[in-house]
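The chain contents come next:
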Amino acid sequence: MALPLWWEGLGEEWRQALGVAAVLLWLALVVLLALQTRARWPQRAEWSRKVLHIGTGPVVLIAWGLGIQRWIALPAAAAVTVAAALNHRFRLLPAVEDVGRASYGTVAYGAAITTLLALFWPQRSDAVAAGVLVMACGDGLAGLLGASIASPSWTIAGQRKSLLGTSAMGLVSLAVLAALRLALQAGGGLGPSLPALVAIAAVAMLLEQFALLGIDNLAVPVAVGLLWSLLGAQA
């Protein structure tokens with residue numbers, strides 16, 4: 001991503017500090033929105049969790065766009081994952097965890113982001129963005145729509161899945177990947193071919209079906225990031 005001239009003119013320390021501040025500000029706004037959602041619709045516990053789920057995705061774009069370095073991004077993601085694990089255990093922020101079922105989804109989500117950063121950041125930041133944004137947008141909207149609008153459904157390992165939610169996962173994932181590919185090409189980069197994008201979205205949709213204990217929050221982003229990196233290198 002191209003940075004504005006005023007940003008390039010700052011010293012490296014200032015750029016990193018302001019980048020971290022931007023990420024923290026965004027996360028604070030997302031958490032505030034989730035808490036307000038929980039207060040406004042207490043009977044819809046899943047909504048506040050999905051606000052966090054979807055809102056976390058753009059953090060990767062902010063970090064990528066502002067050039068946050070690996071030595072900051074990776075420990076920060078690991079710390080957030082530890083915080084998510086503590087919250088899961090002690091319910092410090094009920095808006096994150098109280099969804100009426102056993103799930104380690106938030107912890108798995110943090111672990112997925114940490115894993116992608118360890119594998120690809122910053123040389124293949126696009127692969128990190130692909131994995132996280134598919135999970136944030138695709139799975140997030142699938143969960144909201146599938147739970148809110150009736151459609152044919154089935155159960156896998158005790159987890160209800162619906163036709164609407166599954167379709168949303170596939171279509172939104174494909175749209176996110178296509179948008180990321182266009183953004184890369186606009187900057188002179190490469191991305192997977194369109195047939196490859198369809199295949200990656202299909203894999204994400206399939207893995208999302210296996211959501212026991214929230215394990216899909218780890219499997220989907222890591223698989224998408226790996227496939228994006230592999231297929232993009234061949235584009």
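Here, every reference points to the structure presented above.
Now for a quick tour of the structure. (Residues numbered from 1 in each chain as written. Predicted model: local features only at pLDDT ≥ 70, side-chain atom pairs only at ≥ 80, totals over all residues. Heavy atoms only, no water.)

## A short note on the overall build of the protein
Check the secondary structure of the protein and you find eleven helices and two strands. When the helices and strands of the protein are read in sequence order from the N terminus, they spell out α-α-α-α-α-α-α-α-β-β-α-α-α. Taking all 235 residues of the protein together, the buried fraction comes to 44%. A separation threshold of at least 6 residues defines the contact pool for the protein, and within that pool the share at least 24 residues apart is 72%. Summed over its atoms, the accessible surface of the protein is roughly 11,500 Å², and 74% of this surface lies on carbon and sulfur atoms. (Helix = DSSP H or I, 4+ residues; strand = E, 2+ residues; numbered from the N terminus. Buried < 20%, exposed > 50% of the residue type's maximum accessible area, 1.4 Å probe, protein only. Contact = heavy atoms within 4.5 Å. Areas by Shrake-Rupley, 256 points an atom, 1.4 Å probe, with all protein chains shown as cover.)

## Let's talk about the packing of helix 4 (residues 58-65) against helix 8 (residues 125-148)
Two elements in contact, helix 4 and helix 8, have axes whose closest approach is 9 Å; the angle formed by their N-to-C orientations is 165°. Put simply, helix 4 runs roughly antiparallel to helix 8. Classified by chirality, the crossing of helix 8 by helix 4 is left-handed. On the side of helix 4, the interface is formed by Pro58, Val60, Leu61 and Trp64, while helix 8 contributes Ser125, Asp126, Val128, Ala129, Val132 and Leu133. (Axes fitted to C-alpha atoms, helices over the stretch in contact; angles between N-to-C directions. Parallel < 35°, antiparallel > 145°, perpendicular 65-115°, else oblique. Left-handed = near helix turned anticlockwise from the far one by under 90°.)

## Some points on a nonpolar patch on the surface
Side chains of Val82, Leu86, Phe90 and Leu92 sit close together on the surface and give an oily, nonpolar patch of about 430 Å² of accessible area. In this structure, Leu92 sits in the loop between helix 5 (70-90) and helix 6 (94-97). (Patch = residues over 30% accessible without salt bridge, like charges linked within 9 Å, V, L, I, M, F, W, Y side chains within 5 Å. Salt bridge = Lys/Arg side-chain N within 4 Å of Asp/Glu carboxyl O.)

## Comments concerning the pairing of strand 1 (residues 153-156)
Looking along a regular strand, one sees the side chains alternate between the two faces of the sheet. Sheet topology note: the strand 1/strand 2 (residues 159-162) ladder contains four bridges and is antiparallel. Pairing of Trp154 across the sheet is with Lys161, part of strand 2. Once strand 1 ends, the chain turns through two residues before running back antiparallel as strand 2, passing Ala157 with a positive phi of about 55°. (Pairing = 2+ DSSP bridges.)

## Focus: the packing of helix 5 against helix 7 (residues 105-120)
Close contact between helix 5 and helix 7 brings their axes to 8 Å; oriented N to C, the two are set at 165°. It follows that helix 5 is roughly antiparallel to helix 7 by the angle criterion. Crossing of helix 5 against helix 7: the hand is left-handed. Residue-level contacts link Arg70, Ala73, Leu74, Ala77, Ala78, Thr81, Ala84, Ala85 and His88 of helix 5 to Thr106, Val107, Gly110, Ala111, Ile113, Thr114, Leu117 and Ala118 of helix 7. Taken together, the residues of the contact of helix 5 with helix 7 break down into eleven nonpolar, five polar and one charged. (Nonpolar A, V, L, I, M, F, W, Y, C, P; charged D, E, K, R; others polar.)

## Quick look at the layout of surface pockets
There is about 870 Å³ of room inside the largest pocket. Together, 33 residues line the largest pocket, and Leu27, Thr56, Ala76, Val80 and Ile113 are the ones closest to its centre. Where the lining of the largest pocket is concerned, the elements lending two or more residues are helix 2 (12-40), helix 3 (45-56), helix 4, helix 5 and helix 7. Counting residues per element, the lining of the largest pocket draws most heavily on helix 5, which supplies eight residues. Tallied by class, the residues present in the lining of the largest pocket amount to 25 nonpolar, seven polar and one charged. (1 Å grid on protein atoms, 1.4 Å probe; cavity = no way out; pocket = protein on both sides within 12 Å on 5 of 7 lines; lining within 4 Å. Points joined across faces, edges and corners; volume = space filled by probe spheres on them.)

Just distances and angles here, no functional claims.
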